[in-house]
Amino acid sequence: MIVHIYENKDQASLAAASLFCACILSKPDAVLGLATGSTPIETYQQLIDMHQSGLLDFSGCTSFNLDEYVGLSADHACSYHRFMKEQLFDHINMKKTHVPSGDAKDLLEEAGRYDKEIEAAGGIDIQFLGLGQNGHIGFNEPDSVFHYGTQIVNLTKSTIEANKRFFKADEKVPTQAISLGAGGIMKARKIVLVALGETKAEAVRAMVTGELDPQVQASILRIHPDTVILLDPQAASLL
Ligand code: GLP
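A quick note: this is a predicted structure, and the numbers were derived from the prediction, not measured. (Residues numbered from 1 in each chain as written. Predicted model: local features only at pLDDT ≥ 70, side-chain atom pairs only at ≥ 80, totals over all residues. Heavy atoms only, no water.)

### Here we look at helix α4 (residues 107-120)
Between its terminal C-alpha atoms α4 stretches 20 Å, which fits the 20 Å expected from 14 residues at 1.5 Å a residue. For α4, the set of buried residues is Leu107, Glu110, Ala111, Tyr114 and Ile118. The arc enclosing the buried residues of α4, seen along the axis, measures out at 105 degrees, which places them on a common side. The exposed set on the far side of α4, more than 90 degrees from its buried face, consists of Leu108, Glu109, Lys116, Glu119 and Ala120. Against β3 (62-65), β5 (96-98), β7 (151-154) and β8 (176-179) lie the buried residues of α4. You can read the cap of α4 off the contacts: a side-chain oxygen lies 3.2 Å from the backbone nitrogen of leucine 108, and it is on aspartate 106. Residue glycine 122 follows α4 closely and has a positive phi angle near 100 degrees. (Helix = DSSP H or I, 4+ residues; strand = E, 2+ residues; numbered from the N terminus. Expected span 1.5 Å × (residues − 1). Buried < 20%, exposed > 50% of the residue type's maximum accessible area, 1.4 Å probe, protein only. Arc of directions from axis to C-beta. Contact = heavy atoms within 4.5 Å. Polar contact = N/O pair within 3.5 Å; in protein donor to acceptor, adjacent residues only side chain to side chain.)

The following block contains the structure:
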């Protein structure tokens, strides 16, 4: 695990975009693992700028997102499908994008199908990760085990609380999600995790210096052979 602490979130985001850029330049048909939340927004903007300035071509690339809320259709304003369309996909020329369906009739079947689709694409070359305040990656919440494949997860109170800000006041925040498992994330050949701000400091400390512990799902990254952690000073304040 390599840890870089930057002067601010703009630099950390540019570093993440640079790692994606380097990957795509050396493998134009790269399979990209993508994330949602506020953390990747600036990295996505950097990638859009690189594309629009002619530096980066996504036309050979395929992407797989980590997760989606259970019960939200792809066109729901708060779905991760919609988020990805607005924050990235509408502005670049990605060959094929995938986000798991949160409103599939049979969610377990959808989970199995998603894993097979990733495998059929050759696996993920580079995976972007944000970090939950409780140390979750994707929607892998604190647990007694690390799950392998894509799974249906019950969200914790703190995650529901943290994600409320994306929903309208009178809207119910979903309580379940479909998420790539920690084991699936570990299969990515390269992982880039970005954590920004003070609210992530404790999770960053536990991930970087704590025990390997499924209560902090991100701690599994300690045994991944090629993980780069990009932090701003606030997220790194407890290291
Ligand atoms: C959600 C997503 C995660 C993300 C986390 C952090 O729970 N499922 O993939 O890393 O939020 O969100 P933010 O980047 O907004 O802090």
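On we go.
### Focus on the packing of helix α2 (residues 40-52) against helix α3 (residues 80-87)
Put simply, α2 and α3 touch, their axes get as near as 10 Å, and they point 40 degrees apart. Of the possible angle classes, the one that applies to α2 and α3 is oblique. Of the residues in α3, those touching α2 at Ile41, Tyr44 and Ile48 are Phe83, Met84 and Gln87. (Axes fitted to C-alpha atoms, helices over the stretch in contact; angles between N-to-C directions. Parallel < 35°, antiparallel > 145°, perpendicular 65-115°, else oblique.)

### A look at the site of the ligand
Lining the immediate environment of the ligand, one finds 14 residues, of which Ser38, Thr39, Asp67, Arg165 and Lys200 sit closest. Within the side chain of aspartate 67, an N or O atom sits 2.8 Å from a nitrogen atom of the ligand. At a separation of 2.9 Å, an oxygen atom of the ligand approaches a polar side-chain atom of histidine 136. For the ligand, the protein covers 96% of the area, taking 390 Å² as the surface of the free molecule. In a pocket analysis with a 2 Å cut-off to the grid points, the ligand is assigned to the largest pocket. (Near = heavy atom within 4 Å. Areas by Shrake-Rupley, 256 points an atom, 1.4 Å probe, with all protein chains shown as cover. 1 Å grid on protein atoms, 1.4 Å probe; cavity = no way out; pocket = protein on both sides within 12 Å on 5 of 7 lines; lining within 4 Å. Sits in = over half its atoms within 2 Å of the grid points.)

### A few points about the layout of surface pockets
Here the largest pocket defines a volume of roughly 570 Å³. Secondary structure elements with two or more residues in the lining of the largest pocket: α1 (9-26) and α5 (157-163). Examining the composition of the lining of the largest pocket, we find that four residues originate from one element, α5, more than from any other. Reported here for the second largest pocket is a volume of approximately 230 Å³. In terms of lining residues, the second largest pocket is bounded by 13 residues, among which Asp115, Ile118, Glu119, Gly184 and Lys187 are the most central. Broken down by element, the lining of the second largest pocket gets its largest block of residues, three residues, from α4. Counted by class, the lining of the second largest pocket contains five nonpolar, four polar and four charged residues. (Points joined across faces, edges and corners; volume = space filled by probe spheres on them. Nonpolar A, V, L, I, M, F, W, Y, C, P; charged D, E, K, R; others polar.)

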